[in-house]
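Listed below are the residues making up each chain.
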Amino acid sequence: MIHIVGAGSGAADLITLRGARLLRAADVVVWAGSLVNPELLADCKESCVVYDSAHMTLEEVLDVMCAADARGEEVVRLHTGDPCLYGAIQEQMDALDARGVDYEVVPGVSSFCGAAAALRQEYTLPGISQSVVITRLSGRTPMPAGEGMRTMAESGSTMVIFLSSGMLAELSAELLAAGRSSDEPAALVYKATWPEERVVRCTVGTLADAGARVGIDRTALVVVGRVLGARGGLAHDGAQAESYERSKLYDPSFATGYRKASS
């Protein structure tokens, strides 16, 4: 069995219990060395053979995994975050299907969840935003038709933008062209949940300046949306903040299938 495991957003103890158990039992680990916290490998047994996929092609990864599986060994393919987002796992799974090799996928904590934790922020606030757009800028890998940044930004939803921290000036320009305000709150979250995590709050109009000021140009998520400025009381700097609506789920005047309205 080949186990495709999400390593979590950075901190070594954010891998799932299942993922950690599989990692301890693995005979072969192929890990994304440029992205995954190396502390996770400390739990591997001494006899485990470890390959860094940062230096490998897809074909080399598949050959290593399939050969180990044919020998009856337990294989872990360790991906950053949750492998369903920008993990390039579909091509691996399709190739394994073609070769008749059995596998499973173990989900992990995505970095967009880690970024929300770092920001102490809910992405979906009643009356402000109830949708989250996860996307990236077009770069060396182009975006499909209809998924350009301007199109994705036009809804006004909360946005979590991957793989774009090295193109902040272009990102800011695209967001503004989509009609987002230059004063709309934004944030850069560098290496969410890692020991060196850093949060830089800014606006859509100051994204590039903020990144240049602190030297962030990679391994960071960009979060954009009015939710970042909305509070039940005051904003982070003490200024009056945009107010969100109270959740109906816990409102005493709102009946649910589990309790009656009390007022």
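Check the entry above for the structure.
The model shown is predicted, which means the values in this text are computed figures rather than measured ones.

> Tell me about the side chain of Arg180, residues and numbers included.
By the element assignment, Arg180 lies in the loop between α6 (168-177) and β8 (185-190). Polar side-chain contacts of Arg180 include one of 2.8 Å to the backbone oxygen of Ala153. Within the structure, the side chain of Arg180 is placed 2.8 Å from the side chain of Glu184, a separation counted as a polar contact. When residues no more than four places from it in sequence are discounted, the contact partners of Arg180 are Ala153, Gly156, Ser157, Met159, Leu175, Val224 and Gly225.

> Pulling in residues and values, what's your account of helix α7 (residues 207-214)?
For α7, every residue scored as buried is listed here: Leu207, Ala210, Gly211 and Val214. The buried residues of α7 occupy an angular sector of 95° when projected down its axis, which confines them to one face. For α7, the exposed residues lying more than 90 degrees away from the buried face are Asp209, Ala212 and Arg213. On its buried side, α7 packs onto α6, β8, β9 (198-203) and β10 (220-224). Backbone geometry just downstream of α7 places Gly215 in the positive-phi region, at approximately 75°.

> Lay out unusual backbone geometry in plain terms, naming residues and giving numbers.
Residue Arg120 is not a glycine yet carries a positive backbone phi of 55°. Residue position: Arg120 is located in the loop between α4 (111-119) and β6 (132-136). You can call Arg120 exposed: its relative accessible area is 76%. Positioned with a positive phi, Lys191 is a non-glycine residue whose angle comes to about 50°. Turning to its location among the elements, Lys191 is positioned in the loop between β8 and β9. For Lys191, a relative accessible area of 15% corresponds to the buried category.

Scoring rules and cut-offs
Residues numbered from 1 in each chain as written. Predicted model: local features only at pLDDT ≥ 70, side-chain atom pairs only at ≥ 80, totals over all residues. Heavy atoms only, no water. Helix = DSSP H or I, 4+ residues; strand = E, 2+ residues; numbered from the N terminus. Polar contact = N/O pair within 3.5 Å; in protein donor to acceptor, adjacent residues only side chain to side chain. Contact = heavy atoms within 4.5 Å. Buried < 20%, exposed > 50% of the residue type's maximum accessible area, 1.4 Å probe, protein only. Arc of directions from axis to C-beta.

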